[in-house]
Amino acid sequence: MLSAIGRAFRTPDLRRKLLFTLGIITIFRLGAFIPAPGVDYGNVQQCLALGNTDGGLYQFVNLFSGGALLQVSIFALGIMPYITASIITQLLRVVIPRFQELHQEGAQGQSKLTQYTRYLTIALGLLNATTLVSLARSGSLLGNCPVPLIPDDSLITIILLIITLTAGTGLIMWMGELITERGVGNGMSLLIFTAIAAGFPTSLGEIFRTQGATVFAFVLLMGVVVVALVIFVEQSQRRIPVQYAKRMVGRRTLGGSSTYIPIKVNMAGVIPVIFASSMLYLPSLIAQFNTPQDGTPPAGWVNWITTYLTTGDHPLYMAMYFLLIVFFTYFYVAITFNPDEVSDNMKKYGGFIPGIRAGRPTAEYLQYVLSRITLPGAIYLGLVALIPLIALVAIGANQNFPFGGTSILIMVGVGLETVKQIDAQLQQRHYEGLLR
């Protein structure tokens, strides 16, 4: 392994890409600790020391910002506006025919969709920045902290703060695209990977400090097992054989080859977990806005939501979380994989599945396979996402439990794809990959 890494850094072109990627990642992490203008860094640290920032918005958005959200830094919004914009653009392909046409136009259409995603990212960043500044001004961002996070809340300071946070989102998006163009791997995915990995030492240290060495060792052992299982499932796929008939083009004979359509067990990735988390956060957000601030008792439905749908340690919350993940897995797979489109493309180029007629029977067969392979994928996603909630009940760890949920799915997925890219580039130059 060490010799393979040495070969990677001895290759000038690959070394330049790796160092460029590491440089961008370093800038990204430094930006997470630079306070935004108008924010009192000392007061922020004092509020964080009170420890009233667990659950809901904090555990989810702060995870993707690498801790920058609760530091109220220039990169406080992190990569979340871009993720949301990408998901919205992808879903709009089903609703807006023009978006679907652009998707099918190839590189030029994809470039146009990317441009729309950028515009939407800036718009969402502006909206999120305004919300974040409002929460910081009211003191509710860090659990009703008694000291002000923004001592000077004049109009000029607020506008400057909103512009800075929005510009930070745009800068992160630009850095991610730079990594994709000049570095190694997918830039946005690597920045998310970096933000999540940055929280691992803190989470593990907190478990060691509060639970002791025995629980800490058990958590590490469980982490190794979970990572191994996630790698196994993420690499699993159903290969549907495809045969291409021979055809004459001029004087040349084309086709006659055999290939396959890889259908992964987990085709939806981490998107269903993000959707389910967002949906379950809405009731607690509504309850928070309907909780009286003058000390009067809240309404009965507010108490019910606070008891069952807030902390995540109740069986009802876990059951709803699991069922939502299963639902969104089927929903997202149905949007992203179109059996009719795949069948038409196969028929256009003379391809067919052995034993299945081309056209409508092929689409029905693909839908049959997809619906059945999605079930174990959905159950797998639900079980992995429940690991932090089970840990919250079993050992009292917070919901940022490192080896489970969104964090482990993203880290394993991005890690596998990045290693594959480095391995492919090494094989092109040395005929030996990163791993033997």
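Residues numbered from 1 in each chain as written. Predicted model: local features only at pLDDT ≥ 70, side-chain atom pairs only at ≥ 80, totals over all residues. Heavy atoms only, no water.

Student: Give me the overall build of the protein: which residues, what numbers.
Tutor: A tally of regular secondary structure across the protein gives 18 helices and 5 strands. Scored against the burial criterion, the 436 residues of the protein give a buried share of 43%. In the protein, 69% of the contacts between residues at least 6 apart in sequence involve partners at least 24 apart. (Helix = DSSP H or I, 4+ residues; strand = E, 2+ residues; numbered from the N terminus. Buried < 20%, exposed > 50% of the residue type's maximum accessible area, 1.4 Å probe, protein only. Contact = heavy atoms within 4.5 Å.)

Student: I'd like to hear about the pattern of salt bridges, residue by residue, with values.
Tutor: Under the definition given, this model contains 5 salt bridges. Taking the shortest distance from any N to any O, the salt bridge between Asp 13 and Arg 16 comes out at 2.9 Å. Here Asp 13 pairs with Arg 16, and both are found in helix α2 (residues 12-31), just 3 residues apart, close to one helical turn. Here Asp 13 falls in the partly exposed class, since its relative accessible area comes to 25%. Here Arg 360 and Asp 340 are joined by a salt bridge, their closest N and O atoms 2.9 Å apart. Taken as a pair, Arg 360 in helix α17 (residues 360-394) and Asp 340 in helix α16 (residues 339-348) lie far apart in primary sequence, 20 residues in all. (Salt bridge = Lys/Arg side-chain N within 4 Å of Asp/Glu carboxyl O.)

Student: So what's going on with the packing of helix α11 (residues 200-211) against helix α12 (residues 213-235)? Which residues, and what values?
Tutor: Two numbers describe how α11 lies on α12: the axes approach to 7 Å, and their chain directions differ by 145 degrees. Here Leu 204, Ile 207, Phe 208 and Gln 211 of α11 come into contact with α12, specifically with Ala 213, Val 215, Phe 216, Val 219 and Leu 220. Within the contact of α11 with α12, the residues separate by chemical class into 8 nonpolar, 1 polar and no charged. (Axes fitted to C-alpha atoms, helices over the stretch in contact; angles between N-to-C directions. Nonpolar A, V, L, I, M, F, W, Y, C, P; charged D, E, K, R; others polar.)

Student: Requested: an account of the pairing of strand β1 (residues 237-244), with residues and values cited.
Tutor: Within a regular strand, side chains alternate between the sheet's two faces. The sheet contact formed by β1 and strand β4 (residues 258-264) spans 7 bridges and is antiparallel. In the sheet register, Gln 243 faces β4, and the bridge partner there is Ser 258. As paired elements, β1 and strand β5 (residues 351-352) share 2 bridges and run antiparallel to each other. Across the sheet, Gln 243 pairs through a bridge with Phe 352, a residue of β5. (Pairing = 2+ DSSP bridges.)

Student: Explain the sheet that holds β4 to me, using residue names and the numbers behind them.
Tutor: Within the open sheet, the 3 strands sit side by side as β4-β1-β5. Their pairing is antiparallel. Both outer strands of the open sheet, β4 and β5, are each paired with one neighbouring strand and no more.

Student: Requested: an account of the confidence of the model for the protein, with residues and values cited.
Tutor: Overall, the prediction assigns the protein a mean pLDDT of 80, with 84% of residues at 70 or greater. For the protein, helix α4 (residues 56-64) is the element with the lowest average pLDDT, namely 57, and helix α9 (residues 155-182) is the one with the highest, namely 90. (pLDDT = per-residue confidence, 0-100.)

Student: Can you lay out a nonpolar patch on the surface for me, pointing to particular residues and giving the numbers?
Tutor: A cluster of nonpolar side chains, Ile 5, Phe 9, Leu 19 and Leu 22, forms an exposed patch at the surface whose accessible area comes to about 330 Å². Listed by contribution, the elements that provide at least two residues to the nonpolar patch are α1 (2-10) and α2. Following the sequence through the fold, Leu 19 ends up in helix α2. Take Leu 19: its relative accessible area is 47%, and that puts it in the partly exposed class. (Patch = residues over 30% accessible without salt bridge, like charges linked within 9 Å, V, L, I, M, F, W, Y side chains within 5 Å. Areas by Shrake-Rupley, 256 points an atom, 1.4 Å probe, with all protein chains shown as cover.)

Student: Account for helix α3 (residues 41-49), with residues named and values stated.
Tutor: Buried within α3 are the following residues: Asn 43, Val 44 and Cys 47. The buried residues of α3 occupy an angular sector of 105 degrees when the element is viewed end-on, so they sit on one face. (Arc of directions from axis to C-beta.)

Student: I'd like to hear about the packing of aromatic side chains, residue by residue, with values.
Tutor: Under the definition given, this model contains 9 aromatic pairs. Aromatic side chains Phe 275 and Tyr 332 sit 6.5 Å apart centroid to centroid with 85 degrees between the ring planes, which places their arrangement in the edge-to-face category. Taken as a pair, Phe 275 in helix α13 (residues 271-289) and Tyr 332 in helix α15 (residues 315-336) lie far apart in primary sequence, 57 residues in all. One exposure class covers both Phe 275 and Tyr 332, and it is buried. On the basis of an interplanar angle of 40 degrees and a centroid distance of 6.2 Å, the ring pair of Tyr 317 and Tyr 321 is categorised as tilted. With Tyr 317 and Tyr 321 both in helix α15 and 4 residues apart, the pair spans about one turn of that helix. Here Tyr 317 and Tyr 321 have matching classes, each one buried. (Phe/Tyr/Trp six-rings, centres within 6.5 Å; stacked < 30°, edge-to-face > 60°.)

Student: Outline the packing of helix α8 (residues 107-138) against α9, listing residues and values.
Tutor: Orientation of α8 relative to α9, taken along the N-to-C sense of each, is 140 degrees, at an axis distance of 8 Å. In terms of orientation, α8 lies oblique with respect to α9. α9 is crossed by α8, and the crossing has right-handed handedness. Here Thr 114, Arg 118, Thr 121, Ile 122, Gly 125, Leu 126, Ala 129, Thr 130, Leu 132, Val 133 and Arg 137 of α8 come into contact with α9, specifically with Ile 158, Leu 161, Ile 162, Leu 165, Thr 166, Thr 169, Gly 170, Met 173 and Glu 177. Among the residues making up the contact of α8 with α9, the classes are represented as 10 nonpolar, 7 polar and 3 charged. (Parallel < 35°, antiparallel > 145°, perpendicular 65-115°, else oblique. Left-handed = near helix turned anticlockwise from the far one by under 90°.)

Student: Before we move on, can you summarise α2 with the specific residues and values?
Tutor: When the terminal C-alpha atoms of α2 are compared, their 29 Å separation across 20 residues agrees well with the 28 Å that a helix rising 1.5 Å per residue should span. All buried positions along α2 are accounted for by Leu 14, Leu 18, Thr 21, Ile 24, Ile 25, Phe 28, Arg 29 and Gly 31. One face of α2 carries all of its buried residues, which in axial projection span an arc of 165 degrees. For α2, the exposed residues set more than 90 degrees away from the buried face come down to Arg 16 and Leu 30. (Expected span 1.5 Å × (residues − 1).)

Student: Explain the environment of Glu 181 to me, and be specific about the residues and the numbers.
Tutor: Secondary-structure assignment places Glu 181 in helix α9. The exposed category is assigned to Glu 181, whose relative accessible area is 60%. Taking the C-alpha atoms as reference points, Glu 181 and Lys 17, separated by 164 residues in sequence, lie 9.6 Å from one another.

Student: Tell me about the side chain of Thr 418, and name the residues and values.
Tutor: Along the polypeptide, Thr 418 turns up in helix α18 (residues 405-430). Apart from residues no more than four positions distant in its own chain, Thr 418 is found in contact with Val 184 and Leu 190.

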